[in-house]
Amino acid sequence: MTEKAGASIFSRGGAALPRAVSGDGAWITDATGRRYLDAAGGAIVVGIGHGRGAVAAAAAEQMGRIAYAHGSAFTADALEAWVAELGPLLPMQHPSLYPVSGGSEAAETALKMVRAYWLAQGEPDRTVVVSRWGSYHGNTLGALDLSGRRGLRKPYEPWLGRFEHVSAAYPYRAGLPGADAIGSGAEAVAELDALLARVGPGRIAAFVAEPIVGATLAAAVPPDDYWPAVSAWCAHNKVLFVADEVMTGFGRTGTWFGVNHWNVTPDLLIAAKGATSGYWPFGFVAAAQHVADPLIASGFVHGFTYSHSIPGAAVARAVLTILRDERLVEAAATRGAQLRAALVEALADEPWVGEVRGRGLLIGIELVADRSSKAPHPRSARVTERILTAAKGQEGDGLLLYSATAQANGTDGDQLVIGPPFVIGDAELDRIARGTAAAICAVREG
Ligand SMILES: Cc1ncc(COP(=O)(O)O)c(C=O)c1O
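Given the structure is predicted, the values throughout are model-derived calculations rather than measurements.

Engineer: Teacher, can you tell me more about the overall build of the protein chain here?
Structural biologist: Counting its regular elements, the protein chain contains 13 helices and 17 strands. For 446 residues, the compact-globule estimate of 2.2 N^0.38 gives 22 Å, and the protein chain sits close to it at 22 Å. Counting only C-alpha atoms, the protein chain reaches 60 × 60 × 55 Å along its principal axes. Partitioning the contacts of the protein chain with sequence separation of at least 6, the portion at a separation of at least 24 is 71%. For the protein chain, the exposed surface amounts to about 18,700 Å²; the carbon and sulfur share of it is 55%.

And the structure:
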């Protein structure tokens, strides 16, 4: 028999990646003892900070009693207590919650709910789902098809194409060629009206969007008239509004949910990431009562082995308790304003920075080759990747940033996303601003 090679973890970084061994607050320590300031909360996930013993204890306590009972056969105290505490915080009336294992599963579940809802309503021709360019809703095929990220879609195009995409609310590049971006609510409504005219009345089932675009457009905040106009258009045309709050939910933008900034009410909402702050693979769909009731009555058939996770709900509840008791949503608002101001100051004279934007602790930096024309660097220069490497390798402690690329025209474009845990202090905030500026400068100067 020939000798079998050893197995390895499938990852882009391979064996070169440092090994994370512990976390505390906004910090991660690797196996060599090197510390990293986690200015991105991983993939904009960790809100309550690393190393929270109370969350670990809640998971252990729950698993010690019961770890698994199938969601079609049982409910559980942990699920009921979590839903009772979360319900009043959700921006919708009497929602029903369907817990799953993450954001992509939540997006897939919401899509199936939309279809099943219209079947239950006796409108089987409402099959057209609309999402936006410059968006991300997940990596499974349905969620990827919703996503308007051309580079991610490209290899799988033969399997995609079920959904319609309209322009992103992305004021910085509104009207620029190749950006698929608009800068006002009126433009959004005009585009939606044109789509409706093209597909015909009674055909559009749902509009799916991130209230503030996270990783694809680096915290692009829509103009203030955008959400009121789009949500009114959805209501007027009986189109279900699905808010993807996977990144913006649970305080990230300084309010419990992103839609709170504009007081608009989704029919369905999906969340994940911050719901358990990275302590458990978890997400959910919240369906407002007027959507959930007919769905439940119609016998909506769906499920995953790990939906309705009991330890997941116990962890989600423990995270919710910390967010509330420590007033961390308020902290995200104040720390976010402070950090954005510090970044604006530190980057004021940096010629590669086109814009610093965001809300709360979801902050984006758009990098350009030329500030006045907004021309991007060519993707081949890998500016974002080089800045991330420079920041991670900084002398002393490393600095972890998150990235987004290709926003300018589907190929070119570089952005940094900053989203630390809400527990950061003044010194850490200052370190993020100075370290980010130093990393950009180091790459620019070569
Ligand atoms: C807005 C948004 N939706 C959906 C997803 C997919 O979530 P997951 O990676 O948990 O599948 C993400 C992940 O980054 C996201 O940012």
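Engineer: Would you explain the domain arrangement of the protein chain in this entry?
Structural biologist: A common way to report how large an interface is uses the accessible area buried once the components associate. Each assigned domain of the protein chain is listed here: domain 1 (14-51 + 327-444) and domain 2 (54-325). The partner domain 2 presents 41 residues to the 41 residues of domain 1 that form the contact. Of the roughly 3,100 Å² buried at the junction of domain 1 and domain 2 (both faces included), carbon and sulfur atoms supply 58%. At the boundary of domain 1 and domain 2, one finds one salt bridge. For E366, the salt bridge identified is with R173, shortest N-O distance 2.7 Å. Where domain 1 touches domain 2, the interface holds 21 residue pairs in polar contact (both at pLDDT 80 or more). For the side of domain 1 that touches domain 2, the secondary structure elements donating two or more residues are α1 (41-44), α11 (328-346), β13 (353-359), β14 (362-367), β16 (402-405) and β17 (414-418). Looking at the side of domain 1 that touches domain 2 residue by residue, the classes come out as 21 nonpolar, 14 polar and six charged.

Engineer: What exactly am I supposed to notice about a nonpolar patch on the surface here?
Structural biologist: Among the surface-exposed residues, L141, Y156 and W159 lie close enough to one another that they form a single nonpolar patch of about 330 Å² accessible area. Among the structural elements, L141 can be located in helix α5 (residues 141-146). A relative accessible area of 37% means that L141 is categorised as partly exposed.

Engineer: Sorry, what's going on with the sheet that holds β13 here?
Structural biologist: Pairing between the strands of a sheet is mediated by backbone hydrogen bonds and can be parallel or antiparallel. With antiparallel pairing, the four strands of this open sheet are ordered in space as β13-β14-β17-β16. Each edge of the open sheet carries a strand with a single partner, namely β13 and β16. On average, each strand axis in the sheet is tilted by 20 degrees relative to the strand beside it, whichever way the strands run. In terms of strand pairing, β16 meets β17 through four bridges, oriented antiparallel. Its bridge partner being in β17, A404 is matched across the sheet by Q415. On top of the sheet, α11 reaches β13, β14 and β17; it is set at about 175 degrees to β13, its chief contact.

Engineer: In this structure, what is going on with unusual backbone geometry? I would like to understand it.
Structural biologist: Where the residue is not glycine, phi is negative for most of them; where a peptide bond is considered, it is trans in most cases. One non-glycine residue, H94, adopts positive backbone phi at about 40 degrees. Its identity is not glycine, yet S277 carries a phi of approximately 55 degrees, on the positive side. Within the secondary structure layout, S277 lies in the loop between β11 (268-271) and β12 (283-287).

Engineer: Please explain helix α13 (residues 426-444) as it appears in this structure.
Structural biologist: Because each turn of an α-helix spans 3.6 residues, side chains separated by three or four positions in sequence point in the same direction. Between its first and last C-alpha, α13 extends 27 Å over 19 residues, near the 27 Å set by a 1.5 Å rise per residue. Buried residues of α13: E428, L429, R431, I432, A433, G435, T436, A437, A439, I440 and V443, and no others. Downstream of α13 by a residue or two, G446 has a phi angle that is positive, lying close to 70 degrees.

Engineer: For this particular structure, what's the right way to read the site of the ligand?
Structural biologist: The ligand sits among G102, G103, S104, Y136, H137, G138, E210, D244, V246, M247 and K273. S104 is positioned with one of its side-chain polar atoms (N or O) 2.6 Å from an oxygen atom of the ligand. In this structure, K273 approaches the ligand through a side-chain N or O atom, which is 3.0 Å from an oxygen atom. Contact with the protein chains removes 82% of the 390 Å² of surface that the ligand exposes when unbound. In terms of residue class, the shell around the ligand is built from three nonpolar, five polar and three charged.

Engineer: Can you help me understand the pattern of salt bridges in this one?
Structural biologist: Opposite charge on two side chains permits pairing when their charged atoms draw close. Per the stated rule, a full pass over the model turns up 22 salt bridges. One salt bridge connects D414 with R379, and the closest N-O pair in it is separated by 2.8 Å. One end of the pair, D414, is in strand β17; the other, R379, is in the loop between β14 and α12 (383-392), and 35 residues separate them in sequence. You can call D414 buried: its relative accessible area is 0%. If you follow the salt bridges from partner to partner, you end up with D145, R153, E157 and R162 in one network.

Engineer: Please clarify how the nonpolar core should be interpreted in this entry.
Structural biologist: Nonpolar side chains tend toward joint burial in soluble globular proteins. In this structure, F207, F250 and F284 are the most contacted members of the largest nonpolar core, which totals 100 residues. Two domains share this core, each providing at least three of its residues, namely domain 1 (14-51 + 327-444) and domain 2 (54-325). Residues in contact with F207, not counting those within four places in the same chain, are V130, R132, V166, L192, Y226, W227, V230, C234, V239, L240, F241 and V242.

Engineer: What is the right way to look at the sheet that holds strand β5 (residues 128-132) in this model?
Structural biologist: With mixed pairing, seven strands are arranged side by side in an open sheet as β4-β12-β11-β10-β9-β5-β6. On the outer flanks of this sheet lie β4 (96-100) and β6 (164-166), each paired with one strand and no other. Averaged over all adjacent pairs, the angle separating strand axes in this sheet is 20 degrees, with direction ignored. Judged from the three bridges that link them, β5 and β6 form a sheet pairing that is parallel. Each bridged residue has a counterpart across the sheet, and for S131 the counterpart in β6 is H165. Sheet strands in contact with helix α3 (residues 77-86) are β4 and β12, and its direction is about 125 degrees off that of β4. Each of β4, β5, β9 (204-209), β10 (240-244), β11 and β12 touches helix α4 (residues 103-120); the most contacted strand, β11, lies at about 165 degrees to it.

Quick notes on the rules
Residues numbered from 1 in each chain as written. Predicted model: local features only at pLDDT ≥ 70, side-chain atom pairs only at ≥ 80, totals over all residues. Heavy atoms only, no water. Helix = DSSP H or I, 4+ residues; strand = E, 2+ residues; numbered from the N terminus. Rg over C-alpha atoms; globule rule 2.2 N^0.38 Å. Contact = heavy atoms within 4.5 Å. Areas by Shrake-Rupley, 256 points an atom, 1.4 Å probe, with all protein chains shown as cover. Domains from an automatic or database assignment. Buried area = accessible area lost by both parts, 1.4 Å probe. Salt bridge = Lys/Arg side-chain N within 4 Å of Asp/Glu carboxyl O. Polar contact = N/O pair within 3.5 Å; in protein donor to acceptor, adjacent residues only side chain to side chain. Nonpolar A, V, L, I, M, F, W, Y, C, P; charged D, E, K, R; others polar. Patch = residues over 30% accessible without salt bridge, like charges linked within 9 Å, V, L, I, M, F, W, Y side chains within 5 Å. Buried < 20%, exposed > 50% of the residue type's maximum accessible area, 1.4 Å probe, protein only. Pairing = 2+ DSSP bridges. Axes fitted to C-alpha atoms, helices over the stretch in contact; angles between N-to-C directions. Expected span 1.5 Å × (residues − 1). Near = heavy atom within 4 Å. Core = buried A, V, L, I, M, F, W, Y, C linked by side-chain atoms within 4.5 Å.

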